[in-house]
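Residues per chain are reported as follows:
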Amino acid sequence: EQEIQDEALKMGGVIGEEDEGIFKTTKNRFTWLFINLATASGASWIISMFESTIHKITALAVFIPIIISMGLNAGSQTITVIIRAMATRELNENTFSRYLTREFMMSAFNSCVLSLLCFWV
């Protein structure tokens, strides 16, 4: 159980911070923040590819923060479920496909329902 907790903290880049100095902690956090910056920059680049479309239909720009927020929250929910399953030893080779299918189906269903809700609003 301790190993699973350590892995979860390591994924967030915050493992063992209470025992480390400020420079080591800063370095650890920097790595993860740099990765986040790189992926966010990639997303910005992709959005810029559609700049002319967004310029023509400025209402589309309103949806950018919604899409980012929904993706972040959905990903956090999935990660939480998977880490819990790992911690309780429910996730293994036999149950992996069940978890994968379940998370995919929930994501697809939620995406459809929430997209329709946004369309009606």
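To start, this report covers the structure provided alongside it. Residue numbering note: each chain is counted from 1, following its sequence as written. Under the rules for a predicted model, residues below a pLDDT of 70 receive no local features and side-chain atom pairs below 80 are neither given nor counted, while totals for whole chains, interfaces and linings still include all residues. Where side-chain values are given, they derive from all heavy atoms of the structure, hydrogens and water being excluded.

### Thoughts on helix H4 (residues 63-87)
Since one α-helical turn is 3.6 residues long, residues separated by three or four positions face the same way. To be explicit about the condition: Strands are runs of DSSP state E lasting at least two residues, helices are runs of H or I lasting at least four, and both sets are numbered from the N terminus onward. Expected span of a helix, by definition, is 1.5 Å for each gap between consecutive residues, and there is one gap fewer than residues.
Here H4 is 25 residues long and its end C-alpha atoms lie 36 Å apart, about the 36 Å a rise of 1.5 Å per residue gives. Looking one or two places after H4, you find Arg-89, whose phi comes out positive at around 60°.

### What about the side chain of Glu-103?
The line we're drawing: Each residue is assigned to one of three classes by its accessible area relative to the maximum for its type, calculated with a 1.4 Å probe on protein chains only: buried under 20%, partly exposed between the two thresholds, exposed over 50%. A contact between two residues is defined here by any heavy atoms of the two lying within 4.5 Å.
Inspection of the secondary structure assignment puts Glu-103 in helix H5 (residues 96-120). Looking at Glu-103, the relative accessible area reads 9%, which means it is buried. The residues contacting Glu-103, other than those within four sequence positions of it, are Thr-78 and Val-81.

### Quick look at the pattern of salt bridges
Any two side chains of opposite charge can pair, on the condition that their charged atoms come close. Our working definition: By definition here, a salt bridge exists when the distance from a side-chain nitrogen of Lys or Arg to a carboxyl oxygen of Asp or Glu is within 4 Å.
Within this structure, the stated rule accounts for two salt bridges. The salt bridge partner of Arg-102 is Glu-103, with a shortest N-O separation of 3.9 Å. The exposure class assigned to Arg-102 is partly exposed, which follows from its relative accessible area of 44%.

### Let's talk about the packing of H4 against H5
Spelled out, the test is: To get an axis, a line is fitted to the C-alpha atoms, and for a helix only the part in contact is used. The angle between two axes follows their N-to-C directions and goes from 0 to 180 degrees. These descriptions rest on fixed angle ranges, namely under 35 degrees for roughly parallel, over 145 for roughly antiparallel, 65 to 115 for roughly perpendicular, and the rest for oblique. Handedness of a helix crossing follows the sense of rotation of the near helix relative to the far helix, less than a right angle counterclockwise being left-handed and clockwise being right-handed. All residues other than Ala, Val, Leu, Ile, Met, Phe, Trp, Tyr, Cys, Pro, Asp, Glu, Lys and Arg, Gly among them, are scored as polar; the first ten of these are nonpolar and the last four charged.
The contact between H4 and H5 brings their axes to 12 Å, and the two run at 155°. In this view, H4 runs roughly antiparallel relative to H5, as classed from their interaxial angle. Read as a crossing pair, H4 and H5 show a hand that is right-handed. Across the interface between the two elements, Met-70, Thr-78, Val-81, Ile-82 and Ala-85 of H4 pack against Tyr-99, Arg-102, Glu-103 and Leu-114 of H5. Of the residues contributing to the contact of H4 with H5, the split by class is six nonpolar, one polar and two charged.

### Some points on the side chain of Thr-95
Rule in force here: Under this definition, polar contacts are N or O atom pairs within 3.5 Å; protein pairs additionally need one hydrogen-donor-capable and one acceptor-capable atom, and for neighbouring residues in sequence, both atoms have to be side-chain atoms.
Structurally, Thr-95 can be placed in the loop between H4 and H5. From its side chain, Thr-95 meets the backbone nitrogen of Asn-92 in a polar contact 2.9 Å long.

### Some details on the environment of Asn-92
Along the polypeptide, Asn-92 turns up in the loop between H4 and H5. Given a relative accessible area of 34%, Asn-92 falls into the partly exposed group. Polar contacts involving the side chain of Asn-92 include one to the main-chain amide nitrogen of Asn-94, which spans 2.8 Å.

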